[in-house]
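Breakdown of the fold
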Amino acid sequence: MKKIATPVEGVFILEPQVFGDSRGWFMESWNKSAMEREGLFYDFVQDNHSFSAKKGTLRGLHFQRGEWAQAKLVRCVRGAVFDVAVDLRKNSPTYLQWAGAELSAENFRQLLIPRGCAHGFVTLTDDVQFLYKADNYYNKESEGSIRWNDPSLGIAWGVENPVLSDKDAAAPLFDACALYF
């Protein structure tokens, strides 16, 4: 596994070793001891799987507050996405900075997102399947979101009019939820 730093502290792109031959390919998508050799200590307790039918679908920016905060290891297993993590940790040297990476079924890349970051992605193809590993259980009362196009964050999503859920379309700007951080 190759660990690639991003501009946000604690957010890493992970490139697994992929072994291929005439039959196809094999890779380890998660190996706790390999992660620990890289200094990454996570105990994932929940897996989530999403499907997005249309190119330009944007999900996020989502986060969990307080004791329910979640670190995530995410990857795209069908199609392609532009995946984003925003640092919401007030004491972090990269507070309010974002990192993005293209994740696809073809490049096998994963994004590791520590607790205290908001997460979102936009689909670059139709028929996207996306997997999340989380190190804490989902708690509805602790969920939060920030509007995807908040000008104070300046995320370059590469899409003007994304397909959004009603919930994501109504998400507040960061200033309205900054009291959580």
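As a starting point, this report considers the structure included with it. Since this is a predicted model, take the numbers as computed values, not measurements. Each chain has its residues counted from 1, following the order in which its sequence is written. With pLDDT at 70 or above as the cut-off, local features in this predicted model cover only qualifying residues; side-chain atom pairs require 80 or more to be listed or tallied, and sums for whole chains, interfaces and linings still use all residues. Excluding hydrogens and water, the side-chain figures rest on all heavy atoms present in the structure.

Moving on, we come to the nonpolar core. Here, nonpolar core refers to any group of buried Ala, Val, Leu, Ile, Met, Phe, Trp, Tyr and Cys residues whose side-chain atoms link them within 4.5 Å. Exposure classes here rest on a 1.4 Å probe applied to the protein chains alone. A residue is buried below 20% of its type maximum, exposed above 50%, and partly exposed in between. Counting 17 residues, the largest nonpolar core has Val11, Val74, Val81, Leu103, Leu111 and Phe130 as the members making the most contacts within it. Among the nonpolar cores identified, the runner-up in size contains 16 residues, and Phe63, Phe82, Ala118 and Phe174 belong to it.

This part covers the environment of Ser29. Looking at where Ser29 falls in the secondary structure, it is placed in the loop between strand E4 (24-27) and helix H1 (32-37). Sequence separation of Ser29 and Lys3 is 26 residues, and the distance between their C-alpha atoms is 13 Å. Filtering out sequence-adjacent residues up to four positions away, Ser29 remains in contact with Leu73, Arg75 and Gln110. A run of H or I in DSSP counts as a helix once it spans at least four residues, and a run of E counts as a strand once it spans at least two, with each numbered from the N terminus. Working rule for contacts: check all heavy atoms of both residues, and any pair within 4.5 Å makes them a contact.

Let us look at the pairing of strand E1 (residues 2-5). Between any two strands, pairing holds if DSSP finds at least two bridges. Across 4 bridges, E1 lies against strand E2 (residues 12-15) in antiparallel orientation. For Ile4, the partnering residue across the bridge sits in E2 and is Ile13. The antiparallel hairpin formed by E1 and E2 contains 6 residues in its connecting segment, where Gly10 sits at a positive phi of about 85°.

The next subject is the sheet that holds strand E9 (residues 98-104). The strands that make up a sheet are held in pairs by hydrogen bonds between backbone atoms, and each pair lies either parallel or antiparallel. On the basis of which strands lie adjacent, the open sheet formed by 5 strands has the order E9-E8-E11-E6-E13 and antiparallel pairing. Each of the sheet's edge strands pairs with one partner strand only, and the pair in question is E9 and strand E13 (143-145). Strand-to-strand, the axes of this sheet are offset by a mean angle of 25°, without reference to chain direction. Pairing of strand E6 (residues 58-64) with strand E11 (residues 117-123) involves 4 bridges; the strand directions are antiparallel. Across the sheet, Leu58 pairs through a bridge with Val122, a residue of E11. Lines fitted to C-alpha atoms define the axes here, with helix axes fitted over just the stretch in contact, and angles between the N-to-C directions of these axes take values from 0 to 180 degrees.

The criterion for an aromatic pair is that two Phe, Tyr or Trp rings (for Trp, the six-membered ring) have centres within 6.5 Å, with stacked assigned to planes under 30 degrees apart, edge-to-face to planes over 60 apart and tilted to the rest. If you walk through the whole model with that rule in mind, you get 8 aromatic pairs. Plain terms: the ring middles of Trp25 and Phe108 are 4.7 Å apart, the flat faces sit at 80° to each other, and that makes the pair edge-to-face. Here the residue Trp25 occupies a position in strand E4, and Phe108 occupies one in the loop between E9 and strand E10 (110-113), the gap between them amounting to 83 residues. Of the residues examined, Trp25 reaches a relative accessible area of 55% and is grouped as exposed. Classification of Phe108 by relative accessible area gives buried; the value is 18%. Between the aromatic rings of Tyr95 and Phe174, the centroid separation amounts to 6.4 Å while the plane-to-plane angle is 70°, which identifies the pairing as edge-to-face. Placement of Tyr95 in the loop between strand E8 (80-87) and E9 and of Phe174 in helix H3 (residues 174-177) is noted, with a sequence separation of 79 residues between them. When its relative accessible area of 24% is taken as the criterion, Tyr95 is described as partly exposed. Each member of the aromatic cluster is reached from another via a ring pair, and the members are Trp30, Tyr42 and Phe44. Each ring is checked for a lysine NZ or an arginine CZ that lies within 6 Å of its centre and within 35 degrees of its normal; such an atom marks a charge sitting over the ring. The residue whose ring lies beneath Lys3 is Phe12, and the NZ or CZ to ring-centre distance is 4.7 Å.

A few words now on unusual backbone geometry. Across the junction of Gly60 and Leu61, the peptide omega takes the value 5°, indicating a cis bond. Locating Leu61 in the fold gives a position in strand E6. Unlike most non-glycine residues, Phe108 shows phi in positive territory, near 65°. Unlike most non-glycine residues, Asp127 shows phi in positive territory, near 55°. Tracing the backbone shows Asp127 in the loop between E11 and strand E12 (128-134).

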